[in-house]
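Structural overview for review
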Amino acid sequence: MSVRSSRSRVEVLSSCAAVAVVLVVPASATTLNAQAATWPQHSLERPKPLVEVAPPQQLPVAAPAGAIVLFNGGDLSWWQSGDGEAAKWRVVDGAFEVVPGAGAIKTRVGFGDVRLHIEWMSPASAKGEGQNRGNSGVFFQQTYEVQVLDSYKNDTYADGQAGSIYGQFPPRVNVTRPPGEWQSYDIEFRRPRFDEAGKLVSPARLTVRHNGVLVQDNVALLGPTSHTVRAPYAAHADELPISLQDHGHPVRFRNVWVQALGK
Ligand code: MG
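These remarks concern the structure in this document.

What counts and how
- Residues numbered from 1 in each chain as written.
- Predicted model: local features only at pLDDT ≥ 70, side-chain atom pairs only at ≥ 80, totals over all residues.
- Heavy atoms only, no water.
- Helix = DSSP H or I, 4+ residues; strand = E, 2+ residues; numbered from the N terminus.
- Buried < 20%, exposed > 50% of the residue type's maximum accessible area, 1.4 Å probe, protein only.
- Contact = heavy atoms within 4.5 Å.
- Areas by Shrake-Rupley, 256 points an atom, 1.4 Å probe, with all protein chains shown as cover.
- Donors = N, O, S within 2.8 Å, 3.2 Å for Na, K, Ca; no water.
- Salt bridge = Lys/Arg side-chain N within 4 Å of Asp/Glu carboxyl O.
- Pairing = 2+ DSSP bridges.
- Core = buried A, V, L, I, M, F, W, Y, C linked by side-chain atoms within 4.5 Å.
- 1 Å grid on protein atoms, 1.4 Å probe; cavity = no way out; pocket = protein on both sides within 12 Å on 5 of 7 lines; lining within 4 Å.
- Points joined across faces, edges and corners; volume = space filled by probe spheres on them.
- Nonpolar A, V, L, I, M, F, W, Y, C, P; charged D, E, K, R; others polar.

1. Quick notes on the overall build of the protein chain
In terms of helices and strands, the protein chain carries one helix and 19 strands. Among the 263 residues that make up the protein chain, the fraction classed as buried is 48%. By sequence separation, contacts in the protein chain at least 24 residues apart represent 68% of the contacts at least 6 residues apart. Of the roughly 12,500 Å² of accessible surface on the protein chain, a fraction of 54% belongs to carbon and sulfur atoms.

Below is the structure:
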């Protein structure tokens, strides 16, 4: 069994001089973190998640009572550009679309622990390959990215696929729908905690359902998500905006709502 198995690890105990006892234990969050740290970022050798077909899902999913609706098909009044100006993305057909070159957009208010529902669609005419196809991203606190990518029959490194925690954790399975079809993310984000000296007390955590399928299960992030170089945690405010990435592709989003989570 590979020490990099995502399902289990093997511990060999030799407490008895004559007998080696082999225990197979389920992968824990600690094990997963150790595995993530073992793999070089964006390794092409890292096992790719299995492809599965997500079960049918009724979209759009209505916002529950009390949710903050960040986009309901009308305008981008909850969003702004990085410089604080009005968001320059395009509202079209009850959705909004990345305008390549316009830059990321972020919410006008900050969030801490939060549940987010968002629906997204890769461009129907799939162009490019790997990371250069239907790429965007949902960033919590402008720092921790759940990758958005057209991962339908599009090979790329495991920790950069749709549903990955970018550069850290591949999704458990690849349930990406074809380009031009709406897909959903339901995400629970727990912010990192820092003490008064700015030292990390507890890491950020993410649970992600892609098209209703659990692909990240309360994963403890290694630090801010990043490209090529893993960055350490740096203390930041408790509440910061959610942002969406402009990676140069006209990805669409719709039906975005959030609920604050209890402590
Ligand atoms: Mg991205």
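2. Comments concerning the environment of Val148
Of note, Val148 is situated in strand S11 (residues 144-148). Note: C-alpha distance between Val148 and Gly160 (12 residues apart in sequence) is 8.8 Å.

3. Examining the coordination of the magnesium ion
For a metal with four tetrahedral donors the ideal donor-metal-donor angle is 109.5 degrees, while six octahedral donors give ideal angles of 90 or 180 degrees. Summarising the metal site, the magnesium ion is bound by the protein donors Asn135 (OD1), Ser136 (O), Glu145 (OE), Gln147 (OE1) and Gln245 (OE1), whose distances to it range over 2.2 to 2.4 Å. Donor residues for the magnesium ion sit on one chain with the sequence pattern N-S-x8-E-x1-Q-x97-Q. Each member of the pair, Glu145 together with Gln147, is buried.

4. What to know about the environment of Phe96
On the secondary structure map, Phe96 appears in strand S7 (residues 95-97). By relative accessible area, Phe96 is classed as buried at 0%. Sequence spacing of Phe96 and Asn255 is 159 residues, and the spatial spacing of their C-alpha atoms is 9.7 Å. Residues in contact with Phe96, not counting those within four places in the same chain, are Phe71, Leu76, Trp89, Arg90, Val91, Ile105, Leu244, Val251, Arg252, Phe253, Arg254 and Val256.

5. Looking at the pattern of salt bridges
What the rule picks out here adds up to 10 salt bridges. Here Arg252 makes a salt bridge to Glu97, at a shortest N to O gap of 2.6 Å. On the criterion of sequence distance, the pair formed by Arg252 in strand S19 (residues 252-260) and Glu97 in strand S7 is long-range, its members being 155 residues apart. Taken individually, Arg252 and Glu97 each receive the classification buried, so the pair is uniform in this respect. Where salt bridges share partners, they join Arg90, Asp93, Glu97 and Arg252 into one cluster.

6. What about the sheet that holds strand S10 (residues 136-140)?
Strand pairing in a sheet is mediated by backbone hydrogen bonds. Such pairs are either parallel or antiparallel. On the basis of which strands lie adjacent, the open sheet formed by five strands has the order S5-S8-S18-S10-S11 and antiparallel pairing. Two strands bound the open sheet, and with one partner strand each, they are strand S5 (79-81) and S11. Inspection of the sheet shows S10 paired to strand S18 (residues 243-244) by two bridges, in the antiparallel sense. Each residue of the ladder has a partner; that of Phe139, found in S18, is Ser243.

7. Details of the nonpolar core
Phe140, Tyr185 and Phe253 are the most contacted members of the largest nonpolar core, which totals 45 residues. Every element with two or more residues in this core is listed here: strand S4 (68-71), strand S9 (114-121), S10, S11, strand S13 (183-190), strand S16 (205-210), strand S17 (213-220) and S19. Top element by residues in this core is S9. It accounts for four residues.

8. Structural notes on the layout of surface pockets
Empty space among the atoms can be located by rolling a probe the size of a water molecule over them. As a volume, the second largest pocket reaches approximately 250 Å³. Lining the second largest pocket are 16 residues, and of these Val51, Tyr152, Lys153, Asn174 and Thr176 sit closest to its centre. Residues belonging to the lining of the second largest pocket are distributed by class as follows: seven nonpolar, five polar and four charged.

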